[in-house]
Amino acid sequence: MKLLFIHSDHLEFEAKQKAGGGDLAETDGVPMEGRMEECVTVFTTVESGDEEDLDAVVDNAATELRDVADQLNTTNVVLYPYAHLSEDLAGPDAAKTVMRNLEAELTGEFDVLRSPFGWYKSFEVSCKGHPLSELSRHVSAHRDEEKDPEETEEREPSDWHVMTPDGDLQGAVGAKSDVNEDMQAFIEDEVEGIEKGAGDEPPHIELMKEKSLVGYDELSDVGNLRWYPRGKLVRDCLMEYVNDLVVEYGGMPVETPIMYDLGARAIDEHAGKFGERQYRFESGDRRMMLRFAACFGQFSIMRDMYISENDLPLRVYEMSTYSFRREQRGEVAGLKRLRAFTMPDMHTATEDMAQAREELVAQAKLALQTSEDLGINYEPAIRMTREFFEENREWVQEVVDDLGKPALIEVLPERHHYWSAKIDFAAIDGLGRPIENPTVQIDVESAERFGIEYHDGEGSHHTPILHYSPSGGIERVLAAILENTATMDTPRLPTWLSPTQVRFIPVQDHVEYCDELVDRLAERNLRADVDDRDESVGKRIARAETDWVPYYVVVGDREVEGDTLGVNVRETGEELDMSVEELLETVDEDVGELPRKRRYLPKHLSKHPNFTGN
RNA sequence: GCCUCGGUAGCUUAGAGGUAAAGCGCGUCCUUGGUAAGGACGAGAGCCCGGGUUCAAAUCCCGGCCGAGGCUCCA
């Protein structure tokens, strides 16, 4: 809601003509003309985000108004509906409700004159012109806890348990002694609300800058990152990894638009559920939004398809570059929380709840596999409504057994969101705080809202739909990987993600020989480069160390003339004698089946520009 | 969004009303090096942006932008 306060000598209005059609114009309970002296005139625009909680908006607006009236030392208030303060209007019914309720809220405390909604009106206002006589405020539907202590009581707290693979269920806090360190940290954060690492910067933020991977860009909005070649390579490898994994599983890749028309009912409803955290804008005469996940486009595809029961489960997949969430300013942090992020997103239309449950487990297990490949430890949390838990208790036990590790169990008294059950996986960062990454959820609402149906011999049916991200957002995956490095003796990336996998350091002018070795590695799609700079050996080795190169080799007369290389293995700090062939084999095995992309930077270090780490 | 702290060379930081510093990096030269940083010289600064106070502002004040942390939040 937008409010424009004018401290006025007087305000006078007269309704002239109804605006819009139907019963838009208010006729009952408001005067058609009026005048007030020595007042604060409040031009008011109710916005779409306010519809989330009209009572909260009224309360917050009243608070602002009291504050302003107090400063201006007046008790006369004119409430004047004025659509032109925002481009994102609430529906007329909501707007009228807010105006009426605000009037009711203020009456008694103030002398209130309200001007009617939905009319073209003439008005005259005389602004006093002192420094505080024109003020504007933005009020949201967000409840401030301090102002409304009773509000926090409203949502009943969840029950928390830990379930072990053998089916044993116990209270989460009591189970802490039986689980590993990460799960303990997870319970402390989720259940006990214990803050850890207060005041410290998470290590990944400095690393992403220092290693020239990712940086901020002041010319963009907050939480929109830029990727330098080294980071871009890591990012592309991660994306390729996830794409391959999902396609292998049976996801069918698509690509869908990043912006949607809020004029479409299904879009408006789906978007409306998620409150204010969206990028919204006008384009021509349309109100648009940027997607916050790939649901919109994929649901739209499914809606337009003729889906036979034989097509189920139907898995539509997309690497959403980008999804957008306008997180609050102070919530955005490093790679952990962004406004523009990259979410691998698959939606699966299923025949019925039985198939949905089956898919949920299979997809959860696939998520756990990324844990292996990425070297990130994940702790699972199964969250569901009490109703779901009671109906599916045995099945939940099977799930935990299948996942093969203890799971945090959250039982919600009632359904708040579109899902009835979901499984999240959390990595624990260097400060003991969770980074929630993969997730799979059973959505019981969207098929109906978007008109997604499948057809069998009998007729058509709405489908339960799974939302799935096998890895979580790509940026968060990198955050988790970098956080991991902070606890290592020798911090490093896995070889398959290292921008340079092998570096050669020539002495006695053996650059050409090194170039040949680079080419031999390239034949196997392995990334090598040559530090041909005119620097001391010690200095170039220091550079290989700070560049986190997993294998580096000094190449001089001995190597060119002999048949072994002294290969420095960063992980162990050992120098091993290997033939060229052995080096190739070692690196080859190290990368294994994981993606192999070409180098993004020149072969010679002397040609590497310094990208600023910002 | 609110609160606290910060923004000085490409990077990391020192300085605190009166001519703007250092290390790293960069350039040139010397060194032709054998496993974590060889030497010399040099270039490089709208001191985040906009206002204000002052003879004088990077420095003090106000507003904004960006970053970190805290609150809230992550659908």
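Our subject is the structure listed above.
Residues numbered from 1 in each chain as written. Chains lettered and ligands numbered in written order. Predicted model: local features only at pLDDT ≥ 70, side-chain atom pairs only at ≥ 80, totals over all residues. Heavy atoms only, no water.

Here we take up the layout of surface pockets. The volume enclosed by the second largest pocket comes to roughly 500 Å³. When contributions to the lining of the second largest pocket are tallied by element, the ones reaching two or more residues are strand 2 (33-45), strand 3 (76-81), helix 2 (92-106) and strand 5 (119-127). By residue class, the composition of the lining of the second largest pocket is 15 nonpolar, five polar and one charged. (1 Å grid on protein atoms, 1.4 Å probe; cavity = no way out; pocket = protein on both sides within 12 Å on 5 of 7 lines; lining within 4 Å. Points joined across faces, edges and corners; volume = space filled by probe spheres on them. Helix = DSSP H or I, 4+ residues; strand = E, 2+ residues; numbered from the N terminus. Nonpolar A, V, L, I, M, F, W, Y, C, P; charged D, E, K, R; others polar.)

Mapped onto the secondary structure, Ser498 falls in the loop between helix 12 (474-485) and strand 25 (502-506). Sequence-distant contacts of Ser498, defined by excluding residues within four places in its chain, comprise Leu233, Leu493, Arg527, Trp548 and Pro550. (Contact = heavy atoms within 4.5 Å.)

A few words on the nonpolar core. Formed by 87 residues in total, the largest nonpolar core has its most connected members in Leu238, Leu335, Ile382, Leu482, Trp496, Phe504 and Leu583. Top contributing element to this core by residue count: helix 5 (residues 229-249), with nine residues. Composition of this core by domain shows at least three residues from each of domain 2 (159-254 + 295-485) and domain 3 (495-607). Other than its neighbours up to four places away in sequence, Leu335 contacts His204, Met208, Val214, Leu225, Trp227, Glu475, Arg476, Leu478, Ala479 and Leu482. With 29 residues, the next largest nonpolar core counts Ala61, Phe110, Val112 and Ala141 among its residues. (Core = buried A, V, L, I, M, F, W, Y, C linked by side-chain atoms within 4.5 Å. Buried < 20%, exposed > 50% of the residue type's maximum accessible area, 1.4 Å probe, protein only. Domains from an automatic or database assignment.)

This part takes up the environment of Val112. Positionally, Val112 belongs in strand 4 (residues 111-114). Between the alpha carbons of Val112 and Leu79 there is a distance of 7.3 Å; along the sequence they are 33 residues apart. With residues near it in sequence (within four places) discarded, Val112 still touches Met36, Val77, Leu79, Glu103, Leu106 and Thr107.

Spatially, the 10 strands line up as an open sheet ordered 8-7-19-18-20-21-24-17-16-11, and their pairing is mixed. Strands at the two margins of the open sheet, each flanked by one partner only, are strand 8 (169-171) and strand 11 (252-253). Sheet strands in contact with helix 10 (residues 393-403) are strand 7 (159-163), strand 8, strand 18 (379-385), strand 19 (407-412) and strand 20 (419-428), and its direction is about 165 degrees off that of strand 18. Taken strand by strand, helix 12 contacts strand 16 (314-324), strand 17 (340-349), strand 20 and strand 21 (434-443), and its axis lies near 145 degrees from that of strand 21. (Pairing = 2+ DSSP bridges. Axes fitted to C-alpha atoms, helices over the stretch in contact; angles between N-to-C directions.)

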